[in-house]
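Okay, here's what each chain looks like letter by letter:
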Amino acid sequence: YSIGLVLLFALTHLQAQQNVDSIFNKAIALSRNNEFNKAILEANKALQADNKRADIYVFTANVLSWKNNNDSAMLLLNNARKLNYLNDEFYDAALNILMRAQKNDSLLKVCDEAEKQGYKDSKNLILKRLIAFENKKDYEKIITVLAKDENTKYLDDKAIADILNRAKEKNSYQIIAV
């Protein structure tokens, strides 16, 4: 009798998990078709069924950010953070959302945190830091970061090289203006 109850519970849980996954997969498909509002609705349905799915919070935060709803996106990322979902997917989303929102100080803090947590995409961390420094008009910091031996390998990236060139140009204007 008790084996039957355990089996019934396991099957019910498996079916519920498959339902959450199918709803989430529908949300992903909708987002790929640029149907962001529908994707958010489906993702919210999935979260109502299982509010411990940090991956769904991160996905929904990304979609909201694509719609320029960065404050709402950050709230959802905080839900993922509370569930200790601090992996590369989380940091990719957080870095991009903070960059889009131009929350430069927070972006720099999350870059540091991601690095300490073992975030693997060091080129993305450098790029996000440079973008934050450029937004803050801290051109000297851009030049200093990219002058370090361990960072010169990133200069072959066009976006990074462009930021450095703009920083050098604006930094020289600042020096002349003083």
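So, here's what we can say about the structure. (Residues numbered from 1 in each chain as written. Predicted model: local features only at pLDDT ≥ 70, side-chain atom pairs only at ≥ 80, totals over all residues. Heavy atoms only, no water.)

Right, let's talk about the side chain of Glu42 for a bit. With respect to the helices, strands and loops of the structure, Glu42 is situated in helix 2 (residues 36–49). Ignoring any residue separated from it by four or fewer positions in sequence, one finds Glu42 in contact with Ile23, Lys26, Ala27 and Leu30. (Helix = DSSP H or I, 4+ residues; strand = E, 2+ residues; numbered from the N terminus. Contact = heavy atoms within 4.5 Å.)

So, on to helix 5 (residues 88–101). Helix length check: helix 5, at 14 residues, gives a terminal C-alpha distance of 20 Å against a target of 20 Å (1.5 Å per residue), a fit within 8%. Residues of helix 5 that are buried include every one of Phe90, Tyr91, Ala93, Ala94, Leu95, Ile97 and Leu98, and no others. Each element contacted by the buried residues of helix 5 is listed here: helix 3 (54–66), helix 4 (70–82), helix 6 (104–116) and helix 7 (122–135). Two to three positions downstream of the cap, the backbone nitrogen of Glu89 sits 3.1 Å from a side-chain oxygen, assigning the N-cap of helix 5 to Asn87. Positive phi appears at Gln102, one or two residues downstream of helix 5, with a value of about 55°. (Expected span 1.5 Å × (residues − 1). Buried < 20%, exposed > 50% of the residue type's maximum accessible area, 1.4 Å probe, protein only. Polar contact = N/O pair within 3.5 Å; in protein donor to acceptor, adjacent residues only side chain to side chain.)

Below, the discussion takes up the environment of Asn70. The topology assignment puts Asn70 in helix 4. Those residues in contact with Asn70, other than ones at most four positions away along the chain, are Ser65, Ile97, Arg100 and Ala101. Polar contacts involving the side chain of Asn70 include one to the side chain of Ser65, which spans 2.6 Å.

Taken by themselves, the reported measurements are silent on function.
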